[in-house]
Amino acid sequence: MAEWVRLCGIAEAPAEGQLAAAEAGGVSVCLSRVGGVLRGMLNVCPHRQAPLAEGWLDGERVVCPWHSWEFDCATGAAVYPEGERVAVFEVKVQGDEVLVNLGEG
């Protein structure tokens, strides 16, 4: 069941090609903007629990700041190393707020 909660105000959302961290419902989310689209993923690298929002974007990939693991913004699948994954969250803008779906679907 979808559980849409406020993540941040649109003014706090990252600019194009940037990352930002925000928290909703006790979950830290790495928010990215690529091609004008906001996307959210868990803000924790599965390798050493680095905060992904402190990394950078390489095209549509979030690069971990500690050891350069790379995760696709849309799917959470690792480009390197293969087989790893980060949870992704659906994101939408409603008025002046950015909402994130912390539920299942």
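A brief report on the enclosed structure follows. This is a predicted model, so every value here is computed, not measured.

What counts as what
- Residues numbered from 1 in each chain as written.
- Predicted model: local features only at pLDDT ≥ 70, side-chain atom pairs only at ≥ 80, totals over all residues.
- Heavy atoms only, no water.
- Helix = DSSP H or I, 4+ residues; strand = E, 2+ residues; numbered from the N terminus.
- Rg over C-alpha atoms; globule rule 2.2 N^0.38 Å.
- Buried < 20%, exposed > 50% of the residue type's maximum accessible area, 1.4 Å probe, protein only.
- Contact = heavy atoms within 4.5 Å.
- Pairing = 2+ DSSP bridges.
- Axes fitted to C-alpha atoms, helices over the stretch in contact; angles between N-to-C directions.
- Salt bridge = Lys/Arg side-chain N within 4 Å of Asp/Glu carboxyl O.
- Phe/Tyr/Trp six-rings, centres within 6.5 Å; stacked < 30°, edge-to-face > 60°.
- Lys NZ or Arg CZ within 6 Å of the ring centre and 35° of its normal.

## Things to note about the overall build of the chain
If you tally the helices and strands in the chain, you get zero helices and ten strands. A compact globule built from 105 residues should have a C-alpha radius of gyration of about 13 Å, and the chain, at 13 Å, falls within 12% of that. Principal-axis analysis of the C-alpha atoms gives the chain an extent of 35 × 30 × 20 Å. Taking all 105 residues of the chain together, 42% fall into the buried category. Long-range pairs, those at least 24 residues apart, make up 39% of the contacts in the chain between residues at least 6 apart in sequence.

## Points about the sheet that holds strand β2 (residues 19–24)
Here we have six strands laid out as an open sheet, ordered β1-β10-β9-β4-β3-β2, and antiparallel in their pairing. Looking at the sheet topology across the chains shown, the edges are occupied by β1 (4–9) and β2. Each adjacent strand pair in this sheet contributes to an overall mean axis angle of 35 degrees, direction not counted. Relative to strand β9 (residues 88–94), strand β4 (residues 37–42) runs antiparallel, the two sharing two bridges. In the strand pairing of β9, Gly 40 is matched with Phe 89.

## Let's talk about the pattern of salt bridges
Where charged atoms from two side chains of opposite charge come close, those side chains can pair. Per the counting criterion, the structure on display carries four salt bridges. Residue Glu 12 is joined to Arg 6 by a salt bridge in which the shortest nitrogen-to-oxygen separation is 4.0 Å. Measuring nitrogen to oxygen at the nearest pair gives 3.1 Å for the salt bridge that ties Glu 97 to Arg 6. Residue Glu 97 is found in strand β10 (residues 97–101), and its partner Arg 6 is found in strand β1; the two are separated by 91 residues along the sequence.

## Overview of the sheet that holds strand β7 (residues 70–72)
A sheet is described by the order of its strands in space; here four strands give the open sequence β5-β6-β7-β8, paired in antiparallel fashion. This sheet does not close on itself; its edge strands, each paired only once, are β5 (56–58) and β8 (78–80). Geometrically, the sheet is characterised by an average inter-axis angle of 35 degrees between neighbouring strands, direction not taken into account. With three bridges joining them, strand β6 (residues 61–63) and β7 adopt antiparallel strand pairing. Pairing of Arg 61 across the sheet is with Asp 72, part of β7.

## What to know about the packing of aromatic side chains
A full pass over the atoms with the stated rule returns zero aromatic pairs. Between Lys 92 and the ring centre of Trp 4, over which it is positioned, the NZ or CZ distance is 4.3 Å.

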